[in-house]
Amino acid sequence: MSAFPTARAVRTTPEGLLWEPSGRWVRGCKGEVTVVDSRHPVLVWEPEVPVPLYAFPREEVREDLLRPAKNPLTGTHSGSRIFYDLEVDGELLENAAWTFPADDLAGHIAFEWFSRSGRGLDHWYEEDEEIFIHPRDPHKRVDALPSSRHVRVEIDGTVVADTRRPVLLFETGLPTRYYIPREDVRLDLLVPTEHSTGCPYKGTAEYWSWRGDADVPPHLVWSYPDPLPAAGAVVGLLAFYNEAVDITVDGERLERPVTPFTTALSARPVT
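Residues numbered from 1 in each chain as written. Predicted model: local features only at pLDDT ≥ 70, side-chain atom pairs only at ≥ 80, totals over all residues. Heavy atoms only, no water.

A. Summary view of the layout of surface pockets. Space inside the largest pocket adds up to approximately 1,000 Å³. Looking at the largest pocket, it is lined by 38 residues, and the ones nearest its centre are Val51, His134, Lys140, Leu174 and Phe261. Those elements that provide at least two residues to the lining of the largest pocket are helix H2 (114–117), strand S17 (177–179), strand S18 (190–199) and helix H3 (261–266). Top element by residues in the lining of the largest pocket is S18. It accounts for 4 residues. (1 Å grid on protein atoms, 1.4 Å probe; cavity = no way out; pocket = protein on both sides within 12 Å on 5 of 7 lines; lining within 4 Å. Points joined across faces, edges and corners; volume = space filled by probe spheres on them. Helix = DSSP H or I, 4+ residues; strand = E, 2+ residues; numbered from the N terminus.)

B. Representation of the nonpolar core within the structure. Membership of the largest hydrophobic core comes to 40 residues, with the highest contact counts inside it found for Val153, Ile155, Val160, Tyr179, Trp210 and Phe240. Ranked by residues supplied to this core, first place goes to strand S19 (residues 203–210) with 4 residues. Excluding anything up to four places from it in sequence, Trp210 contacts Ile155, Thr158, Val160, Leu189, Leu190, Val216 and Leu220. Ranked by size, the runner-up nonpolar core spans 23 residues in total, among them Tyr84, Ala96, Ile109 and Phe111. (Core = buried A, V, L, I, M, F, W, Y, C linked by side-chain atoms within 4.5 Å. Buried < 20%, exposed > 50% of the residue type's maximum accessible area, 1.4 Å probe, protein only. Contact = heavy atoms within 4.5 Å.)

C. Seen up close, the sheet that holds S17. Sheet architecture is open: 3 strands sit in the order S13-S16-S17, paired in antiparallel fashion. In the strand order of this sheet, the two ends are held by strand S13 (142–146) and S17, each with one partner. Strand after strand, the sheet turns through a mean of 25° between neighbouring axes, direction not considered. Relative to S17, strand S16 (residues 167–171) is paired through 3 bridges, and the arrangement is antiparallel. Note on S17: the bridge partner recorded for Leu169 is Arg177. (Pairing = 2+ DSSP bridges. Axes fitted to C-alpha atoms, helices over the stretch in contact; angles between N-to-C directions.)

D. Region of interest: the pairing of strand S4 (residues 33–38). Bridging between strand S3 (residues 26–30) and S4 involves 5 bridges; their strand directions are antiparallel. Each residue of the ladder has a partner; that of Arg27, found in S4, is Asp37.

E. Seen up close, the side chain of Asp246. With respect to the secondary-structure elements, Asp246 resides in strand S22 (residues 246–249). At 3.1 Å, the side chain of Asp246 and the side chain of Arg256 are in polar contact. In contact with Asp246, not counting residues within four places along its chain, are Arg152, Val153, Glu154, Arg253 and Arg256. (Polar contact = N/O pair within 3.5 Å; in protein donor to acceptor, adjacent residues only side chain to side chain.)

F. Quick peek at the pairing of S22. Of the two faces of S22, the one carrying Asp246 and Thr248 and the one carrying Ile247 and Val249 are both buried. In this sheet, S22 lies alongside strand S14 (residues 151–155) in antiparallel orientation, the contact comprising 4 bridges. Within S22, the position partnered with Val153 by the bridge is Ile247. The pairing of S22 with strand S23 (residues 252–253) spans 2 bridges and is antiparallel. Counted as the bridge partner of Val249 is Glu252 from S23.

Any link to function would need more than the numbers given here.
Structure (structure tokens):
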């Protein structure tokens, strides 16, 4: 009988890559063409990159669709030297795939995700569920919990939301997000935008900006109209970037956190 692996069976390469085998069945497609069909993927974390990606055994990749890259992005992806262009139905996608310069990952090929980098495969599935942006991190949790806390949100001194029935969303590595029923939000002070983002844990978000003249970034309010099951409790509720507004919870004013979103929020406009 083999020993059950430890909960954090992550391995480190001399190049600083972290990786671990995944038990998920993963498929990657370009349009209607399945390019990857793998039951033995590995998750790879690159240095200074907070989210993982997948690499796949060569025998589970349509290598007949790969061509040596015409303009390889040598040195990117932790010093990778071998890149591939992908040709599907006459369309050539430059630098859609590569191999990592690590003995541990020899024989594996990684792919770009179109929704994250603008090139590469555009549909990904874990088992029979489509996933977006990047693979889900098995060491990350998303918990959406209904609460009776008193949450008040202010923008430039104006109360824009006040509720005692929020849903608190706890996501590993990020501050608590407070999702508020629309009836408890001053929607007249907000204007819908065309901005949207995708999250592999929560789904696709729609956004609002502040209607007034306060010095706040655009797209600082969002909602998931059709969230993924893990975040189903926040459906239709609105959340505000803690990094850009003043939030008071049970009478305690929260400090504005510094997160990976802080820099993007300070730019004009957010893209």
